[in-house]
Number of protein chains: 2
Amino acid sequence: MKKTSTRLADGRELIYYDVRDDVVRDAVDRRPLDPIATASAVRTDPLLGEFVTIASHRQSRTYHPPADECPLCPSDGDRLSEIPDRSYDVAVFENRFPSLAGDAGRCEVVCFTPDHDASFADLTDERAGLVLEAWADRTAELSQLDSVRQVFCFENRGAEIGVTLGHPHGQIYGYPDVTPRTAQTLRSLAAHRERTGRNLFADVLDAELAGERVVLAGGHWVAFVPYAARWPYEVHLYPKRQVPDLLGLDEAARTEFAQIYLELLRRFDRIFGEGEPPTPYIAAWHQAPFGPLAEFDVRRDEFALHLELFTIRRTSGKLKFLAGSESGMGAFINDVPPEAAAARLREVASS
Amino acid sequence: MKKTSTRLADGRELIYYDVRDDVVRDAVDRRPLDPIATASAVRTDPLLGEFVTIASHRQSRTYHPPADECPLCPSDGDRLSEIPDRSYDVAVFENRFPSLAGDAGRCEVVCFTPDHDASFADLTDERAGLVLEAWADRTAELSQLDSVRQVFCFENRGAEIGVTLGHPHGQIYGYPDVTPRTAQTLRSLAAHRERTGRNLFADVLDAELAGERVVLAGGHWVAFVPYAARWPYEVHLYPKRQVPDLLGLDEAARTEFAQIYLELLRRFDRIFGEGEPPTPYIAAWHQAPFGPLAEFDVRRDEFALHLELFTIRRTSGKLKFLAGSESGMGAFINDVPPEAAAARLREVASS
């Protein structure tokens, strides 16, 4: 794997990750870009004790551009994009319209492939493995920033969940603080250890491995629909050897990841049968925050890296909306029993 | 106000609330309805400590029926709906496809008006006041059920947030336990009292009243955009005299409510300018749970009844989606500064 760091015309970082060690990435960004003023501010909600980011500079961000103006395709002659080179394997750059910026963190875009019409599930094992290397490398880099306490690698896929660029890509958010969801998990970890002396993640994994909701298991990874799934089809993917973040994965787990994850994504596209458009999904890496976690009474290595993959489609042509109960009260209603979701995800395995 | 309780053909409760005391509601449900098997189950997510309801009987629920088959219009000749009478003012009935049922709580539908094409904002002050009476009465009734610990009155408005029936209506959920969102607020209340000796809601209200985000204030109610708003346009409406639930409102507050709330809803429909379709919104009443709250170290009367009204539209034709950051990490990004939202909501006041 070769890594090449450079800068875009407005000073933002761009990093190429290539499979081959002999590629040269020296193309220069020829666009006349003005620096963008960003003004993210973090505010804490007093009733919930959770932070909310106010990012008022984003309303004018790029919105469903035509394919021939895609900012994530490689540049080609006079068609200049966010990637100055005429090709790339995986490219990561700072978002021009970041939700988090300055003291409030950092946002990056990860281009999974130069092929505009592909999706993550179309990648080869080798290229999917390269994306994993990029995620791990960015996690290491962002963890060094004073403005970043937690690194979140994720992919939103599908216009149904608000994706405004069709080109296959994901994002990385570096948050200035522990996110509300992770903070809650850390408190559960501490409470469980206090009560039982054991690790909550290990207990959950043991219970799921012995149950009826396992979807797929390899030598190093296991995927299951969780007992209390919130989403119609939701899968949690854990390395069998508990590690706090992507940096902790050993070579064997890294190698096997691609085949397991690609198989899961391909099954997701088959859940609703032939002729159904690609399944919209969110894929979210949960990693331990960086720095001491004494305020939660837990250590970093008590956390278990895992990926949560879920769709908002509940049946052919119908979406699960977060309406009053979910958005108002945080009380999720799921119409698909987790055991049925797991059975379906086993049924649509590749032959 | 007159209240008439009856039963539908499958045994579900139906309650009419009428302005006039002399109306007679004795129409019989003539539909051949089979009882519906409901199988809601509540499961607790071990990592977050929150309950999720699995409601597998709901996938076949009514989905965007044509207007002439609307189940919420009054019955008319051979067109039989959920409301056997040929007219009504406000009608409440048990949902035929409940998310919560049996030990897992209860779900009711509130029809705001017999006029299929109206919306809540079109109601007269008198009729809006009648809806408030119905909400308060249902809160009292549901609080008596062993299966209900918290009563949530709300309205989802607009297909954009998943509303599948166009007829103006809201819902009431009786949850079997304190909802995740309310539990979090109760913990904040206890922590704030411990730290300061004061009531968190009172402190928030004092701060907002002195600030620049007040949208509308009457003698008995005040509406503001909260400091850390999660949604592009979000308003919190509090009675000035703190009460734990709708039952605590006095006559003066009940009378003034209609004019304040209707004005807020009408402003919501004007946020995005002329020619824009009606604003999708969620309106959510936050009430204290019933029964002792010793597990949270708070008393019921420390809670402050309020309504949260918000839209997912962020600008003309564009929605705020809950994607990776919100759904994965609970970290909200809001593109509209709360001060700008408040200014806009003052600007579109009725002349």
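Above this text is the structure in question.
Residues numbered from 1 in each chain as written. Chains lettered and ligands numbered in written order. Predicted model: local features only at pLDDT ≥ 70, side-chain atom pairs only at ≥ 80, totals over all residues. Heavy atoms only, no water.

## Some points on the packing of helix H1 (residues 125-142) of chain A against helix H4 (residues 251-268) of chain A
Residue and element names in this part refer to chain A.
Moving on, step 1. One can describe the packing of H1 onto H4 by two numbers: an axis separation of 8 Å at closest approach and a directional angle of 115°. In this structure, the crossing between H1 and H4 has a hand that is right-handed. Where H1 approaches H4, its residues Asp125, Ala128, Gly129, Leu132, Glu133, Trp135 and Ala136 are matched on the opposing element by Arg254, Phe257, Ala258, Gln259, Tyr261 and Leu262.
Moving on, step 2. For the contact of H1 with H4, the class distribution of residues is eight nonpolar, two polar and three charged. (Axes fitted to C-alpha atoms, helices over the stretch in contact; angles between N-to-C directions. Helix = DSSP H or I, 4+ residues; strand = E, 2+ residues; numbered from the N terminus. Left-handed = near helix turned anticlockwise from the far one by under 90°. Contact = heavy atoms within 4.5 Å. Nonpolar A, V, L, I, M, F, W, Y, C, P; charged D, E, K, R; others polar.)

## Some remarks on the sheet that holds strand E3 (residues 40-45) of chain A
Moving on, step 1. In space, the three strands of this open sheet follow the order E3(A)-E4(A)-E16(B), with mixed pairing throughout. At either margin of the open sheet sits one strand with a lone partner, and together these are E3 of chain A together with strand E16 (332-334) of chain B. Adjacent strand axes in the sheet meet at a mean angle of 30°, parallel and antiparallel pairs treated alike. (Pairing = 2+ DSSP bridges.)

## Notes on the relation of the copies chain B and chain A
Moving on, step 1. Of the transformation placing chain B onto chain A, the axial shift is 0.0 Å and the rotation is 180°, giving an RMSD of 0.0 Å. Each copy turns onto its partner about a two-fold axis. Residues of chain B ranked by C-alpha distance from the rotation axis are headed by Leu322(B), positioned 4.2 Å from it.
Moving on, step 2. A share of 100% of the interface residues of chain B reappears at the interface of chain A, consistent with the copies meeting face to face through the same patch. (Least-squares fit on C-alpha atoms with pLDDT ≥ 70 in both.)

## Some details on the state of the cysteines
Moving on, step 1. Under the counting rule described, the total for this entry stands at zero disulfides over all chains.
Moving on, step 2. No disulfide involves Cys73(A); its nearest neighbouring cysteine sulfur is the one of Cys70(A), lying 3.9 Å away.
Moving on, step 3. The structure places no disulfide on Cys111(B), whose sulfur is separated from the nearest cysteine sulfur, that of Cys70(B), by 7.7 Å.
Moving on, step 4. A relative accessible area of 0% places Cys111(B) in the buried class. (Disulfide = S-S within 2.5 Å. Buried < 20%, exposed > 50% of the residue type's maximum accessible area, 1.4 Å probe, protein only.)

## Looking at the pairing of strand E1 (residues 2-7) of chain A
Residues and elements named next belong to chain A.
Moving on, step 1. In this structure, E1 lies alongside strand E2 (residues 13-18), joined through six bridges in antiparallel fashion. The partner of Lys2 across the bridge, within E2, is Asp18.
Moving on, step 2. Hairpin remark: E1 followed by E2, antiparallel, with five residues in the connecting loop; positive phi at Gly11, about 95°.

## Some details on the side chain of Ser188(A)
Moving on, step 1. Tracing the sequence through the fold places Ser188(A) in helix H2 (residues 180-196).
Moving on, step 2. Those residues in contact with Ser188(A) that sit more than four places away from it in its chain are Leu200(A), Pro46(B), Leu47(B), Leu48(B) and Gly49(B).

## Digging into the environment of Asp103(B)
Residue and element names in this part refer to chain B.
Moving on, step 1. Following the sequence through the fold, Asp103 ends up in the loop between strand E5 (90-94) and strand E6 (106-111).
Moving on, step 2. Look at Asp103 and you get exposed, because its relative accessible area is 75%.
Moving on, step 3. Distance from Asp103 to His169, taken between C-alpha atoms, is 25 Å for residues 66 residues apart in sequence.
Moving on, step 4. In this view, Asp103 contacts Ser147 and Pro176; residues no more than four positions away in its chain are not counted.

## Here we look at the interface of chain B and chain A
Many structure descriptions define interface size as the accessible area lost when the parts assemble.
Moving on, step 1. On the chain A side, the residues contacting the 73 residues of chain B number 73 residues.
Moving on, step 2. Carbon and sulfur atoms supply 57% of the area buried between chain B and chain A, which totals about 6300 Å² over both sides.
Moving on, step 3. Across the chain B-chain A interface, the total number found is six salt bridges.
Moving on, step 4. Our enumeration of links across chain B and chain A arrives at 28 residue pairs in polar contact (both at pLDDT 80 or more).
Moving on, step 5. Here strand E16 (residues 332-334) of chain A runs beside strand E4 (residues 50-55) of chain B; their pairing, made up of three bridges, is parallel. Within E4(B), the position partnered with Ile333(A) by the bridge is Thr53(B). (Buried area = accessible area lost by both parts, 1.4 Å probe. Salt bridge = Lys/Arg side-chain N within 4 Å of Asp/Glu carboxyl O. Polar contact = N/O pair within 3.5 Å; in protein donor to acceptor, adjacent residues only side chain to side chain.)

## With respect to the environment of His236(A)
All names here are of chain A.
Moving on, step 1. Positionally, His236 belongs in strand E11 (residues 233-239).
Moving on, step 2. Note on His236: relative accessible area 6%, which makes it buried.
Moving on, step 3. For His236 and Glu295, which are 59 residues apart along the polypeptide, the C-alpha to C-alpha distance reads 27 Å.
Moving on, step 4. Excluding its chain neighbours within four sequence positions, the residues that come into contact with His236 are Val222, Ala223, Phe224, Pro226, Leu307 and Glu308.
Moving on, step 5. Among the polar contacts listed, one links the side chain of His236 to the side chain of Glu234, at a separation of 2.7 Å.

## Some points on the packing of aromatic side chains
Moving on, step 1. Taken as a whole, this structure holds 42 aromatic pairs over all chains when the rule is applied.
Moving on, step 2. Centroid distance Phe152(A) to Tyr175(A): 6.3 Å. Interplanar angle 25°. Geometry classified as stacked. Taken together, the positions of Phe152(A) in strand E7 (residues 150-157) and Tyr175(A) in strand E8 (residues 169-175) put the pair 23 residues apart, joining distant regions of the chain. Tyr175(A) matches Phe152(A) in its accessibility class, with the two residues each being buried.
Moving on, step 3. Between Phe201(B) and Phe303(B) the ring centres are 5.1 Å apart and the planes differ by 70°, which places this aromatic pair in the edge-to-face class. In this pair, Phe201(B) sits in helix H3 (residues 200-209) while Phe303(B) sits in the loop between strand E12 (281-286) and strand E13 (306-311), placing the two residues 102 residues apart along the sequence. (Phe/Tyr/Trp six-rings, centres within 6.5 Å; stacked < 30°, edge-to-face > 60°.)

## Regarding the pattern of salt bridges
Moving on, step 1. Scanning the model with the defined rule gives 72 salt bridges over all chains in all.
Moving on, step 2. Ionic pairing is found between Arg313(A) and Glu160(A), a salt bridge with its closest N-O pair at 3.3 Å. Here Glu160(A) lies in the loop between E7 and E8 and Arg313(A) lies in strand E14 (residues 313-315), a separation of 153 residues in the sequence.
Moving on, step 3. For the salt bridge of Asp85(B) with Arg25(B), the shortest nitrogen-to-oxygen distance reads 3.2 Å.

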